[in-house]
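So the chains spell out like this:
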Amino acid sequence: MEEEAVDVSKGVDVSKGEAAKGEATLPGPREAGAGAAESPGEPLLVVEKLVKHFPVKGGFPIRRTVGAVQAVDGIDLTVHVGESFGLVGESGCGKSTTGRLITRLLEPTSGSISYRGRDIAHASRKQLAPIRSEIQMIFQDPYSSLNPRQTVGKIISGPMEINGIDPTGGREKRVRELLEIVGLNPEHYNRFPHEFSGGQRQRIGVARALALEPKLIVADEPVSALDVSIQAQVVNLLQQVQKDLGIAFLFIAHDLAIVRHFSQRVAVMYLGKIIEVGDRDSIYKRPRHPYTHALLSAVPEVTLDGGAEETGRERIRLAGDVPSPISPPSGCRFRTRCWKSQDKCATEEPPLVRLSGNRPHHLTACHFPEAPTTEAREEDIVLDPALTALEEGEG
Amino acid sequence: MTSPPKAEGGGTPVVGGEREPGKGPEGGQVEGRSPGRLMWIRFKRDRVGVVSAFVVGFFFLIGLLAPLISKVYGKDPFTVYADERPELFDSAGVPVQPNGGISGEFWFGLEPGNGYDVFTKLIYGIRTSLMISLTVTVAVVLTGIVLGVTAGYLGGKADFAIGRLIDFLLAIPAQLFFIASMPVVVSLFVSPRDETPTYVRVVALIAVQWLLGWMSLGRILRGATLSLREREFIEAARVSGATSERIIRKEILPNVVTPLLVQSTYLLPNFVTAEAALSFLGVGIVEPTPDWGQMFAKASTELVLQNDITYMFFPGVSMIIFVIAFNLLGDSVRDAFDPKSAR
Ligand SMILES: Nc1ncnc2c1ncn2[C@@H]1O[C@H](COP(=O)(O)OP(=O)(O)O)[C@@H](O)[C@H]1O
Ligand code: SF4
Ligand SMILES: [Mg+2]
């Protein structure tokens, strides 16, 4: 596979919150997009100021809207042709909602989603029909994502049937090809989902997503429900698919470990907002936002032989859970768990901008950013009182 | 009754290990075993269920073949043997022979009064009862599917409206409603002075039982649909652009077959006994149309007047056998679908 030199400085307004594809400056070991029909680097999906609030009903005897879950609250992101974009954040911070908005399983409260220049934010099912085949989804739970009453053949050929696609040689032949592509036995065509293991089911889900030859796949935590030993295999499969077929991925994950091997660009989400976005190496080696530091310190550094490497990395433990998205903290939403928080953080929301010292297209939303390093600190940051007690007990 | 609808998913993986790109160890076996096939295999192993199924099938066969059987037997339930063969009855109209006149000619005896043949009356009665109950079941299942699945799938206002309708109908005391409303419903069709045709009574019986019979099934299907709607395979279909109609038909309905079948096997015997009760009380099917339940009315009078239990025996025993067999069948069907709930 050859690496393509792409001009990164295509005049993208950095302060707007979009980051251009930057893999040319940071050629990763697993570059993707070589086989794409379109030239890689063109924006495929542009999301701007995307908002999704779920109304909260309450009151008696007359039920009315008493508040809103601010699941997604104004995010901007761009996915380029053939690129893998990682979206990371703790559980409940709005990643799945973002994915569902982009696949239009949900209708956004406001903001725009434009796919190849076409705004699909409020398109109806009929209006979406032409691009339905281009945006597909891989789901988190392999046990709920396959209809138990349908054979593998029916499941995978379903999207073709719905869209009236008749591949040369027939749908069955195509399904068998797809089964082969995802590493399953084509003879399993007539089997039912309950006859497969979790990892195999997820492969069937991948085959279904590939059936329509999509340009973009939203993968919502595709391996987090799987056994750790199987996760790597499925990630490898996705990587293979992405590389060979040149499909752009929005890869959603709750930690930074998996995304690291998969995505050229990574966005970190917290409580409905993107708080840091940048090229992979920039995010992993030179993170600025305290939350990114915390997430990174939770990622075990796994070496090739599988052992955890105790390098001199910083250790940060966050206290408690993510605050409720019904009434998020004022100013910076991370301030209730941030060790650098000051008065300004409560009153003023930090904008997502390129900080001085950041590489191009590396944007951070923080008033008092950390140093761009993950070196060990003089003292570990442990904000959880219970954990502090535990560590002291051990020490 | 309200066993929560469970979707399949308890199966153990049988297709080899995780990595298995080539031919599996059992590469020759291509056909997969569907959840329905697995259910059938489990059901066949359940001896009680199989016997019950045969018993239930036997009753339906009798009902179906009643005209044929009575032709072979050479009698019909409408012949007034008190007039045809007066020598068989005493002056009070009671059969002369003991045990209600059981003989080689009249296998189950003769009814006092008009002297109808009990055997043909019973098989024709079973025919009437099962026909009515089966129709009610079909109507209830269709209504349950339409309203339950609609409420569960659409949610929101439709769900609210259907939910309140169910609450309202459940609050009506069913037995009382049946008894009170039957004459009213009948009078909608014919003036009280005229003779009521049998079909009007049949339609009325079906209508009142259907009206108050669908709610439990509707609720169960609503719940099943509601939980299915959250499943990711529905979202997968939607991402591919499937219409709601297709999603309901291809993704939801095949997955509610289990609760549907289980509930139906519990509902049908209930409708049989309810219909029998109405006919017993005189608001259902009346003479001379033969009916299972109405036979009890006659029998109970005789039990009191003659102290003779014969007339209660045949309809009573047959109905008890039928209801028990049907309920056992229902249990077996449920166990076969959901092996975890088995005793
Ligand atoms: N359909 C919904 N109705 C109401 N609240 C929802 C709905 N879907 C998600 N939420 C809420 O939105 C927030 C974000 O959820 P989600 O996008 O699933 O997070 P993640 O995938 O990052 O774990 C959560 O607080 C969740 O409870
Ligand atoms: S803005 Fe303030 S509270 Fe928010 S992350 Fe930065 S330092 Fe912490
Ligand atoms: Mg999620």
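Conventions and cut-offs
Residues numbered from 1 in each chain as written. Chains lettered and ligands numbered in written order. Predicted model: local features only at pLDDT ≥ 70, side-chain atom pairs only at ≥ 80, totals over all residues. Heavy atoms only, no water. Pairing = 2+ DSSP bridges. Helix = DSSP H or I, 4+ residues; strand = E, 2+ residues; numbered from the N terminus. Contact = heavy atoms within 4.5 Å. Axes fitted to C-alpha atoms, helices over the stretch in contact; angles between N-to-C directions. 1 Å grid on protein atoms, 1.4 Å probe; cavity = no way out; pocket = protein on both sides within 12 Å on 5 of 7 lines; lining within 4 Å. Points joined across faces, edges and corners; volume = space filled by probe spheres on them. Nonpolar A, V, L, I, M, F, W, Y, C, P; charged D, E, K, R; others polar. Left-handed = near helix turned anticlockwise from the far one by under 90°. Domains from an automatic or database assignment. Buried area = accessible area lost by both parts, 1.4 Å probe. Salt bridge = Lys/Arg side-chain N within 4 Å of Asp/Glu carboxyl O. Polar contact = N/O pair within 3.5 Å; in protein donor to acceptor, adjacent residues only side chain to side chain. Buried < 20%, exposed > 50% of the residue type's maximum accessible area, 1.4 Å probe, protein only. Near = heavy atom within 4 Å. Areas by Shrake-Rupley, 256 points an atom, 1.4 Å probe, with all protein chains shown as cover.

What follows deals with the sheet that holds strand 8 (residues 248-253) of chain A. All names here are of chain A. Read from one edge of the open sheet, 7 strands run 6-7-8-3-9-10-12, paired in mixed fashion. Bordering the open sheet on either side are strand 6 (135-138) and strand 12 (363-364), each of which pairs with just one other strand. Two strands pair when backbone bridges link them, and strand 7 (residues 216-220) and strand 8 are joined in this way by 5 bridges, in the parallel orientation. Residue Leu216 lies in a different strand from strand 8, and its bridge partner there is Ala248. Lying on the sheet, helix 1 (residues 95-102) is in contact with strand 3 (84-88), strand 6, strand 7, strand 8 and strand 9 (265-270); it crosses strand 7 at an angle near 155°.

What follows deals with the layout of surface pockets. In this structure, the second largest pocket spans a volume of roughly 710 Å³. Taken together, 23 residues line the second largest pocket, and the ones lying closest to its centre are Leu105 and Leu106 of chain A together with Arg229, Glu235 and Arg238 of chain B. Sorting the residues of the lining of the second largest pocket by element identifies strand 1 (43-58) and helix 2 (125-132) of chain A together with helix 5 (118-154), helix 10 (232-239) and helix 11 (244-280) of chain B as the ones contributing at least two each. Residue classes in the lining of the second largest pocket are distributed as 9 nonpolar, 4 polar and 10 charged.

Let us now look at the packing of helix 5 of chain B against helix 9 (residues 215-229) of chain B. Residue and element names in this part refer to chain B. For the pair helix 5 and helix 9, interaxial distance at closest approach is 7 Å and the crossing angle is 35°. The way helix 5 lies across helix 9 gives a crossing that is right-handed. Of helix 9, the residues touching helix 5 (which contributes Val140, Val141, Gly144, Ile145, Gly148, Val149, Ala151, Gly152, Tyr153 and Leu154) are Leu217, Gly218, Leu221, Arg222, Thr225, Leu226 and Arg229. Of the residues assigned to the contact of helix 5 with helix 9, the class counts are 10 nonpolar, 5 polar and 2 charged.

Residue and element names in this part refer to chain A. Assigned domains of chain A: these are domain 1 (1-7 + 288-395) and domain 2 (43-54 + 67-263). Listed by partner, the interface residues are 12 residues for domain 1 and 11 residues for domain 2. Approximately 1,100 Å² of surface area, both sides summed, lies buried where domain 1 meets domain 2, with 61% of it carried by carbon and sulfur atoms. Here Glu90 makes a salt bridge to Arg337, at a shortest N to O gap of 3.0 Å. Viewed at the interface, domain 2 and domain 1 are joined by 5 residue pairs in polar contact (both at pLDDT 80 or more). The residue inventory of the side of domain 1 that touches domain 2, partitioned by class, reads 9 nonpolar, 1 polar and 2 charged.

Residue and element names in this part refer to chain A. Take Arg116: it is sitting in the loop between strand 4 (110-115) and strand 5 (118-119). Classification of Arg116 as partly exposed rests on a relative accessible area of 39%. Separated by 74 residues in the primary sequence, Arg116 and Glu42 place their C-alpha atoms 9.1 Å from one another. Among the polar contacts listed, one links the side chain of Arg116 to the side chain of Glu134, at a separation of 2.9 Å.

Moving on, we come to the site of ligand 1. Residues and elements named next belong to chain A. The immediate surroundings of ligand 1 are formed by Phe54, Val69, Ala71, Glu90, Ser91, Gly92, Cys93, Gly94, Lys95, Ser96, Thr97 and Pro325. Separating an oxygen atom of ligand 1 from a backbone N or O atom of Gly94 is a distance of 3.1 Å. With respect to ligand 1, the side chain of Ser96 contributes an N or O atom lying 2.6 Å from an oxygen atom. Against a free-state accessible area of 560 Å², the protein chains account for coverage of 62% of ligand 1. Looking at which element gives the most residues to the shell around ligand 1, the answer is helix 1, with 3 residues.

Taken together, 13 residues lie near ligand 2, and Cys332, Cys338, Cys345, Cys366 and His367 of chain A sit nearest. Across the shell around ligand 2, the residue classes tally to 8 nonpolar, 3 polar and 2 charged.

Turning our eyes to something else, we now look at empty space enclosed by the protein. According to the stated counting rule, one finds 9 cavities of 30 Å³ or more in the structure shown. Here the largest cavity defines a volume of roughly 130 Å³. Forming the boundary of the largest cavity are 15 residues, of which Gln150, Ile155, Gly158 and Arg208 of chain A together with Glu251 of chain B lie nearest the centre. Going through the elements one at a time, helix 3 (152-162) of chain A together with helix 10 and helix 11 of chain B are the ones with two or more residues in the lining of the largest cavity. When residues in the lining of the largest cavity are grouped by element, the largest group, 5 residues, is from helix 3 of chain A. For the lining of the largest cavity, the residue count by class is 7 nonpolar, 4 polar and 4 charged.

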